Amino acid sequence: MSSSSASNLHAKVWSIELILDVRNKSLNVQKRKWHSAFVAIYCSRAFLKPPVLKDININTKLLSRSPSYTTISVDDSVSVPDANGFRIDQIRLTELVKAKDLKQIQELGGVQGVGEALKTDVEHGIHGENAEDILKRIEAFGSNTYKRPPKKGFLHFVWEAFKDLTILILLGCAALSLGFGIKEHGLKEGWIDGGSIFLAIILVISVSAISNYRQSIQFDKLSKVSNNLQIEAVRKGRRQQISIFDIVVGDVICLKIGDQVPADGLLLDGHSLSVDESSMTGESDHVEISITQNPFLFSGTKIADGYGRMLVTSVGMNTNWGEMMSKISQDTSEKTPLQARLDKLTSSIGKVGLAVAFLVLSAMLVRYFTGNTVDENGSKMFNGSKTKVDDIINAIIGIVAAAVTIVVVAIPEGLPLAVTLTLAYSMKRMMADNAMVRKLSACETMGSATTICTDKTGTLTMNQMKVTKFWLGKESVEEEAYSSISPFVLDFIQEGVALNTTGSVYRPSLDSKIEISGSPTEKAILSWAVHDTKMDMEKVVKSCSILHVEAFNSQKKRSGVLIKRKADNTVQVHFKGAAEMILAMCTSYYDASGIVKDMDYNEKMNFEQIIQGMAASSLRCIAFAHKEVAAEEQVEGDQKVVLKEDGLTLLGLVGLKDPCRPGVKKAVEDCQYAGVKIKMITGDNVFTAKAIATECGILRPGQDMLGAVIEGVEFRNYTPEQRMEKVEAICVMARSSPFDKLLMVQCLKQKGHVVAVTGDGTNDAPALKEADIGLSMGIQGTEVAKESSDIVIMDDNFASVATVLMWGRCVYNNIQKFIQFQLTVNVAALVINFVAAVSAGQVPLTAVQLLWVNLIMDTLGALALATEKPTKELMEKPPVGRTAPLITNVMWRNLLPQALYQITVLLILQFRGKVIFGVTDKVKDTLIFNTFVLCQVFNEFNARKLEKKNVFKGIHTNKLFMGIIAATIILQVVMVEFLKKFADTERLNWGQWGICIGIAVISWPIGWVFKSIPVPEKSFLSYLKMKNYKSNI
């Protein structure tokens, strides 16, 4: 067939498709069959018929009925309901947004038409109270959830534990011991030595795997909580907060600056809306969203500016974000700075352990092959060529197993586990204390914080604002006098409130209560206007059309709106914002009688005094101003709209009261007592800031304010040297921008401070990221702020920040307790085994016994000490510096006497135990093992308090600690009395148990005595470094 014939045939087929341009889902089954039959018959005829080289123009109305096919009259403009009840399917919706197909949207009747196809009232939203409607939407379009990658199962953690090198060596030794034991003694007796090591290894691996598995589950739970965002949706005309997972296709979602777009959709209406799509495209430039040019919104992107409403078209796995998130697994293997430092410590201790193990191995092999090693009967174990090869191999395996076990005991695997446990435990408890940890490292870093830079609104105050003052002109207007205000001035004020807001007023019926939503400031102003000035929000909104909106800006601290009155077609510009900022834009004002008066310099000073007076009473001052735009100044067509910012007329001033949170003063005092400086950074004016700071205890009454209170612009204009010089003294920074906050954080970090910063706005993100610990607000915080932070304060309360500080110190303190406890065991076990091996050729503690000790100190010890709750004592000490040593002088003072005591007692038992107590070698070795374990149990109590003598204080509150101690003692009794073959022990009588307990309990008075000895704060190691430095000079 020629190319022209082929193209002609293609044109025919294409024409047929045009004739029947119907979507399968819009036809019933019968018509679909006719549709398919017709296309098939026509195509077959087209192939058989010779090509005609002319344009084909077929009209469905000209086709006549014949026995071979039937014509179908289809009006594509009439949408036929699909099987699911909606006039549009998911495939078309997805393609509509992904392809950014404006043409197809127009064909559907615009965004309004898409809403109608989805049975959505674009003004009032869906019927959210109707569960059946929600279920139908989920069934038709899916839910707003996405598939998670498969979780790591328990066997994964078992396998990870198996991969430890020392465990693998021990497994090899156990296998060899088992094989040779069975060969020599038969299955009945020969399995005991090797089998015991196997069982001990399985026990250690199981406990480790269970701990890590539980931690993984904990992280998954926290991840679900952090991903469960609250979104503002319009349902049945009411704005309400719903979970991001409850959003369905057809929902109308309200978006504002800082929000994450929760699903794919189309813009219904909005102003100055721009989106950060870097999470999807990698491009850092913000994309402008408009109804006519680019109404497409994508899940996972962030609102960079403006506000608006969107119609949801795709959710969950039908969005690009859902597909992407389903492939990303949550990484729970994040290494914190403390874990990195502990890894180094573990490595150093491990090297010492390896050296000791090598010496023990060498000493025992030399003693064995020189004939100095004897068995239980006193006979030489090696007699040259007379000794069987199997006996030699068994002896070497036993020696290697003992050496390897020393390495197992020496390497403190419990340290990483202790950090993991204490971090996981503290994260769980902090969640209960209204703090959600997003980054593990923040838990421990918070313990080192030296400065906290906090916001005012909502953090130090309750964020429950109420208008308590209203000034019209230079007169304060009381509530009962509102009726005397000039009607046209009141109209202007109500326009400025109703049209220049991101809040909303909803009243289901005349009898029902008015519902007001929005930010606390917006809610307070709307509530005042509705209840006190009797504003009818709906009436005001309908009387005007909005031409342009300038969204609130944290730099300019104001918002503006350009409106056109429908009654007289006049164009007005309204501004609302920080009182002194609006005042600077005004050249006139309305007095109480509605007369416009010029505002000269003196009048401006009078207004500034009014503002300062309100601010000194802890009121936030908001001003309203307006201006009529002359016809010649009005912008037409596609010209960029810029709101006039000068020559405004002041309409009035309102003062909003936001009371301090109860308990915030106590929390501030606690932080200051703990050596942490509190700095308040706020956008409010300097007088309001001073009043609140004094009320909260950040400023003291009578304190010299010079240098302590500063405005953001002043701090910004300092030279870098001046900033570094003055930053320490600053307690309050008023009228600050997010950039000022970032500058302060950078200066404080350069001065060596560990800085925590609170923030709630999108523009706070740089400061939150720059800080050592970023603390975002859970209620008022934007999603951008939360994602930039390390910890989310769920109740926005400063008292919770103080709690986080205490938990941070608790984490660090618990780790130090465990290090002290473990190093005591390590030193004692290494010295005893080394001395005994070199002098006697045998180690008193067998491989199984050492593995049991390893389990007690590594896992159970970590559980017991890592789960201590924070105490008030932690807030009595100054912050721990970034570079402070992990092992302090206090810890060395506590652990060395205990280790020396244990070494002395156990070596006496090793060399003189038989004579002193008149017992056999087996009983003597059991006494050593039992005494050693009980010493660790009693020393665990000493480790509870690093400096306090009373180690029993608050012990009744830690049930887990007492449970672990009880479990350890019970298991030790079982090991000694009932598992003789497994543990290689002999039963002890009551007297011998009493001796073991008596020796172990002496560790308590030793700890009490040595805690009385004062030690310098400076580390001993730092003195050695100084000496080396001086000798080098």
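Residues numbered from 1 in each chain as written. Predicted model: local features only at pLDDT ≥ 70, side-chain atom pairs only at ≥ 80, totals over all residues. Heavy atoms only, no water.

**Q** Would you mind showing me how to read the overall build of the chain here?
**A** For the chain, the helix and strand inventory stands at 35 helices and 26 strands. By residue count, 52% of the 1033 residues in the chain fall in the buried class. Within the chain, counting contacts between residues at least 6 apart in sequence, those at least 24 apart form 72% of the total. On the chain, roughly 48,400 Å² of surface is accessible, and the fraction owed to carbon and sulfur atoms is 57%. (Helix = DSSP H or I, 4+ residues; strand = E, 2+ residues; numbered from the N terminus. Buried < 20%, exposed > 50% of the residue type's maximum accessible area, 1.4 Å probe, protein only. Contact = heavy atoms within 4.5 Å. Areas by Shrake-Rupley, 256 points an atom, 1.4 Å probe, with all protein chains shown as cover.)

**Q** Mind showing me how you'd approach the packing of aromatic side chains here?
**A** The description of an aromatic ring pair rests on the distance of the ring centres and on the angle between the ring planes. Counted according to the given criterion, the structure contains 18 aromatic pairs. On the basis of an interplanar angle of 55 degrees and a centroid distance of 5.1 Å, the ring pair of Phe-470 and Trp-528 is categorised as tilted. Of this pair, Phe-470 sits in strand β10 (residues 466-472) while Trp-528 is found in helix α16 (residues 520-531), placing the two residues 58 residues apart along the sequence. Judged by its relative accessible area of 3%, Phe-470 falls in the buried class. Classification of Trp-528 as buried rests on a relative accessible area of 3%. (Phe/Tyr/Trp six-rings, centres within 6.5 Å; stacked < 30°, edge-to-face > 60°.)

**Q** Hey, could you run me through the UniProt feature "transmembrane region" (unreviewed entry) in the chain in this one?
**A** Here, the residues flagged by UniProt with the feature "transmembrane region" (unreviewed entry) are residues 161-182, 194-213, 349-369, 392-425, 823-843, 849-867, 960-978 and 990-1010. Across residues 194-213, the secondary structure splits into 100% helix and 0% strand, with the terminal C-alpha atoms separated by 28 Å. Helix makes up 95% of residues 990-1010 and strand makes up 0%, while its end C-alpha atoms are separated by 31 Å. (UniProt positions renumbered as here; feature names shortened; annotations may be inferred.)

**Q** Looking at this structure, how should I read the pairing of strand β21 (residues 677-681)?
**A** Two faces make up the sheet, and in a regular strand the side chains alternate between them. Counting buried positions along β21 gives 4 out of 5 residues, so the element sits mostly inside the fold. Summarising the sheet, strand β9 (residues 451-454) and β21 pair through 4 bridges and their orientation is parallel. By the bridge assignment, Cys-453 is partnered in β21 with Lys-679. (Pairing = 2+ DSSP bridges.)

**Q** Sorry if this is basic, but what is going on with the sheet that holds strand β24 (residues 755-759) here?
**A** Across a sheet, paired strands are connected by hydrogen bonds in the backbone, their directions being either parallel or antiparallel. Read from one edge to the other, the open sheet built from 8 strands follows the order β8-β26-β25-β24-β9-β21-β23-β22, with strand pairing classed as mixed. The two strands at the open ends of the sheet, each matched to only one other strand, are β8 (435-437) and β22 (709-711). Taken over all neighbouring pairs, the strand axes of this sheet differ in orientation by 20 degrees on average, direction set aside. Sheet topology places strand β25 (residues 773-777) next to strand β26 (residues 791-793); 3 bridges connect them, and they run parallel. Bridging across to β26, Met-777 finds its partner in Ile-793. In the packing of helix α21 (residues 686-696) onto the sheet, contacts are made with β21, β22 and β23 (732-734), and the angle to β23 comes to roughly 150 degrees. Of the strands in this sheet, β9, β21, β23 and β24 are in contact with helix α24 (residues 738-750), which crosses β24 at around 170 degrees. (Axes fitted to C-alpha atoms, helices over the stretch in contact; angles between N-to-C directions.)

**Q** Please clarify how the pairing of β25 should be interpreted in this entry.
**A** Within β25, 5 of the 5 residues are buried, leaving the element largely enclosed by the surrounding structure. The alternating pattern of β25 places Ile-773, Leu-775 and Met-777 and Gly-774 and Ser-776 on opposite faces, both of which are buried. As judged from the 4 bridges shared by β24 and β25, these two strands associate in the parallel manner. Residue pairing across strands places Ala-756 opposite Ile-773, the latter belonging to β25. Assessed by its sense of winding, the connection that carries the chain from β24 through helix α25 (residues 765-770) to β25 is right-handed. For the segment spanning β25, helix α26 (residues 783-788) and β26, crossover handedness is right-handed. (Right-handed = clockwise from strand over helix to strand, strands pointing away.)

**Q** What exactly am I supposed to notice about the packing of helix α30 (residues 921-943) against helix α33 (residues 990-1001) here?
**A** When two helices pack together, their arrangement is given by the angle between the helix axes and by the axis-to-axis distance. In contact at an axis separation of 8 Å, α30 and α33 are set at 40 degrees when each is read in the N-to-C sense. In this view, α30 runs oblique relative to α33, as classed from their interaxial angle. Classified by chirality, the crossing of α33 by α30 is right-handed. Together, Val-923, Leu-927, Asn-930, Thr-931, Leu-934, Cys-935 and Phe-938 of α30 and Gln-992, Trp-993, Cys-996, Ile-997, Ile-999, Ala-1000 and Val-1001 of α33 make up the contact between the two elements. Partitioned by chemical class, the residues of the contact of α30 with α33 number 11 nonpolar, 3 polar and no charged. (Parallel < 35°, antiparallel > 145°, perpendicular 65-115°, else oblique. Left-handed = near helix turned anticlockwise from the far one by under 90°. Nonpolar A, V, L, I, M, F, W, Y, C, P; charged D, E, K, R; others polar.)

**Q** What am I meant to see in helix α7 (residues 154-162) here?
**A** At 3.6 residues per turn, the α-helix brings residues three or four places apart onto the same side. For α7, the full list of buried residues reads Phe-157, Val-158 and Ala-161. The buried residues of α7 occupy an angular sector of 105 degrees when projected down its axis, which confines them to one face. Residues of α7 that are exposed and point more than 90 degrees away from the buried face comprise Leu-155 and Trp-159. (Arc of directions from axis to C-beta.)

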